[in-house]
Amino acid sequence: MRFLPGTHRALGLAAALAGAAVAGAAVAQPVARAPRPAEDSGRAEAEAGAAPLRGSLGVPVAERLLASSDPEARLRGIERLGAIGTEEAVTALLAAVDQGGPAARDPRARLAAVRALAPHAQRDAVRQLLSRELSEGGGPARGAASPLGEVLRGTAALALARTGERRALGALVNAIVQGGAAGEAAALAIEAYPPESLQLLLGSRKRLEPALVSFLGELGDLRAIAALRPMLEGGDRAAQVAAARALARLGDEAALAKARAWLSKPEPGLFEATVEILVHLGAPEAPDAVASLLGSELGRLEGLRLAELAPAERLVPALARALPLLPEDARPRAVAAIGRAGGAEAARQLRRLTLERPELATAAAFALATMPGAEARAAVAELVDGPRAAKDAELRRLGLRAGVVRGLALRDAPGSLEGRLLAALAAPKGSSDRAVGVFGAVALGLRDPLEVVGGCAPASCDRAAVHAAARGALARGERALAALAPLFAELAAPGGGAAPGGDDAAPDAAAISAGVALLAEPRGGAVATSRLAALAEAGGPLSPLAARALAARDDEVVRGRLKRLLEGSDPVVRAHVALGLGSDPLPDSVSLLARAYRFEDDPAVRRAIVRGLSRRTEVQRRRVLLAARDLDPDEGVRALARAALSDLPRAGAPALDPPRAALATGVVWIAIVPNDQGAAAGASSRPARLVRPDGLAVPVVADPDGVLLVPAVPPGVSSVLLAPAAPPGDAGS
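Worth saying up front: this structure is predicted, and the values here are computed from it rather than measured.

**Q** For this particular structure, what's the right way to read the confidence of the model for the chain?
**A** One rule of thumb: low pLDDT means the predicted coordinates there are not for detailed reading. Of all residues in the chain, 86% attain a pLDDT of 70 or more, and the chain-wide mean is 87. Note on residues 1-51: pLDDT is under 50 here. Beyond four places in sequence and across chains, it has 12 contacts. Here residues 727-733 is a poorly scored stretch, pLDDT under 50, and it has 23 contacts once near neighbours within four places are set aside; other chains count.

Here it is as structure tokens:
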């Protein structure tokens, strides 16, 4: 039978107090008629019994731990004082982190102290310490900068904002006015915990600083309009501009007249702000004003940003003229902005770019593929069937890929696409043409993955087809991915598709591609546990999914390896171990997740830990989820923790798990371009790891011509990491 530590301590305390009371009665009983000093003697004896108890269980023990040279002991001391929560304990905790001792120099100890002190943030001394942590974070003021600095700063800001108290909010507003990292953390904290009254933010200020005015616009609280409107008149121009921008963000047309007046009488340095106000308010003259910005050398990048914010067909000519004048890294953004603007002229400009600008052809083809309308469909069809496509294999592949993306994203593929894809299947094995056909046929459901792959023995395998079919299966859902599981188990086994050797043998490119089967087999399917462990520790594109499967098979043999992976340097692998521990059959895995959360600096890993905890039923999960819900600086972590603590999903339900097969229609299109022609071979069939916005890592391998199409990617920011070197057997054939 197991007791929770807190319960066990309470029972011990009750028993000890009862023992002291009995001892007192026994002393007094023989002298029932004795004078009062005998009663005092009994009381003194009882108190003597209680004093050692306090010394062994209370604040003194925590203080002894804080004085230890062991950092872990100091952390236990801080957490013990936080659990006690009395005035004496809070005072001792403040002294420990506020007097320059070892705890004050340890970012982990300071973060633990901030979390422990958060419930007491209304106390003056606690508020002052939290304000200091907000401004200093993990910076040089307390020693070397720490990766935990952002977490520490954000946690302190949230602790202050949760109070809703005037002085705490005043400290946050001061940080916003000063700007920098502290200002950003303060702004996010107030957005997370908006005050009951804006007057608590504004205080007695007679003049609102521009930084505070800008924040009021970003906060989105319409109660700010009353404080901002008077600033449009009088005061200096900077205050008027800041107020007009904030009001425009809030959708208040009181700023429109002022912006039009500035537009009619231009002033130096005012035009960009004026155009932004017009864009936010949807003014009819906004597109022409943005076009003027695109035509100016100094305002061109700001014009591009506003064109992305408010697409309009009228902007297409201006974007096309600005395109060659923009910095090279901004040109793909301009191409995408043309596609989002839409219309016949946009389709014409994008078609021209695919034919005349090879460095922008991929961006232009993707824009056409995702642009609604008959004009864009016709342009894609010309890339597939046009006279130039018949003579230019590279252009033909570009058109086929654009057609497939259009079919996946818009369900509006050109009519001739299906026949062209099936014809490409007859191209020579290992060729880029056949790889494009395989990907399109599988992704659009024209062929099953294994049907086009055929056999894949080490001596005879069309690896390019395996790469393409595996990526195509991502668009077909869990059943198609699961169908690849036997192939992956065969290829991943030592001596299968891997290089010769034992469990530590590196997987070849075909095994990496077929590893997408692990999305549908979170426990690893038929792959041996020893092989999963080797893949998880190898550090390649397969490592994250192998680590997740290994964690789901946790036992005494693999526990040590899981701990090392959970403490490793790769945050993506750490996140997948946390996801796997959610399905761990051992109940004490919840303790691994709880410890991992304490000082994890990567928000993506903390999200994965919360997802893992959402599947656990042990009571220990609740304390971590409450801390994540209330004090985690990342909004995604807080949202997941709120969901995990709500009635839906219930404990152990898989609702917070990333889907095994994403239901999204987004497609990532990447062209791997070598830095110099001598490295061209390095782009061919290059393995990579794509981390989706939901945190899952997808192992992929490029086509022989260095192009990656990855379907079924949810909306949001994805990241791609190319493998540093080609694994064995990486040739296309």
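So, next bit.
**Q** Quick question: what am I supposed to make of unusual backbone geometry here?
**A** Note: most residues except glycine have negative phi, and most peptide bonds are trans. The phi dihedral of Arg 411 falls on the positive side, at around 55°, and the residue is not glycine. Relative to the assigned elements, Arg 411 resides in the loop between helix 25 (393-410) and helix 26 (417-424). With phi around 50°, Ser 685 is a residue other than glycine that occupies positive phi space.

**Q** Please clarify how the packing of helix 7 (residues 124-136) against helix 9 (residues 166-178) should be interpreted in this entry.
**A** It is at 10 Å that the axes of helix 7 and helix 9 come closest, and there the two elements cross at 15°. It follows from the interaxial angle that helix 7 and helix 9 lie roughly parallel. Every pair of crossing elements has a handedness; the one defined by helix 7 and helix 9 is right-handed. Seen from helix 7, the contacting residues are Asp 124, Arg 127, Ser 131 and Leu 134; seen from helix 9, they are Arg 167, Ala 168, Ala 171, Leu 172 and Ala 175. A per-class count over the contact of helix 7 with helix 9 returns five nonpolar, one polar and three charged.

**Q** Just checking my understanding: could you explain the nonpolar core for this structure?
**A** Nonpolar side chains tend toward joint burial in soluble globular proteins. If you look at the biggest cluster of nonpolar residues, it comprises 229 residues, and the most contacted ones within it are Leu 134, Leu 172, Leu 228, Leu 350, Phe 488 and Val 577. The contact partners of Phe 488, leaving out residues within four places of it in the chain, are Ala 511, Ala 514, Gly 515, Ala 517, Leu 518, Val 527, Leu 535 and Leu 542.

**Q** What's the story with the environment of Arg 80 in this structure? I'm lost.
**A** Position of Arg 80 among the secondary structure elements: in helix 4 (residues 71-84). Overall, Arg 80 belongs to the partly exposed group, its relative accessible area being 24%. On a C-alpha basis, the gap between Arg 80 and Gly 58 in space is 8.5 Å, while along the polypeptide they are 22 residues apart.

**Q** Just to check I follow, could you spell out helix 7 for this structure?
**A** The periodicity of an α-helix, 3.6 residues per turn, causes residues three or four places apart in sequence to face the same way. For helix 7, spanning 13 residues, the distance from its first C-alpha to its last is 18 Å, which sits close to the expected 18 Å at 1.5 Å a residue. Packed against the buried residues of helix 7 are helix 5 (87-97), helix 6 (107-117), helix 8 (149-163), helix 9 and helix 10 (180-192).

**Q** Looking at this structure, how should I read the pairing of strand 3 (residues 697-701)?
**A** Where a strand is regular, its side chains alternate between the two sheet faces. Taken across its five residues, strand 3 has five buried, putting it largely inside the fold. Going residue by residue along strand 3, you find Ala 697, Pro 699 and Val 701 tucked away on one face and Val 698 and Val 700 tucked away on the opposite face as well. Pairing analysis gives five bridges linking strand 2 (residues 687-691) to strand 3, with the strands arranged antiparallel. What sits directly across from Arg 689, in strand 3, is Pro 699.

Quick notes on the rules
- Residues numbered from 1 in each chain as written.
- Predicted model: local features only at pLDDT ≥ 70, side-chain atom pairs only at ≥ 80, totals over all residues.
- Heavy atoms only, no water.
- pLDDT = per-residue confidence, 0-100.
- Contact = heavy atoms within 4.5 Å.
- Helix = DSSP H or I, 4+ residues; strand = E, 2+ residues; numbered from the N terminus.
- Axes fitted to C-alpha atoms, helices over the stretch in contact; angles between N-to-C directions.
- Parallel < 35°, antiparallel > 145°, perpendicular 65-115°, else oblique.
- Left-handed = near helix turned anticlockwise from the far one by under 90°.
- Nonpolar A, V, L, I, M, F, W, Y, C, P; charged D, E, K, R; others polar.
- Core = buried A, V, L, I, M, F, W, Y, C linked by side-chain atoms within 4.5 Å.
- Buried < 20%, exposed > 50% of the residue type's maximum accessible area, 1.4 Å probe, protein only.
- Expected span 1.5 Å × (residues − 1).
- Pairing = 2+ DSSP bridges.

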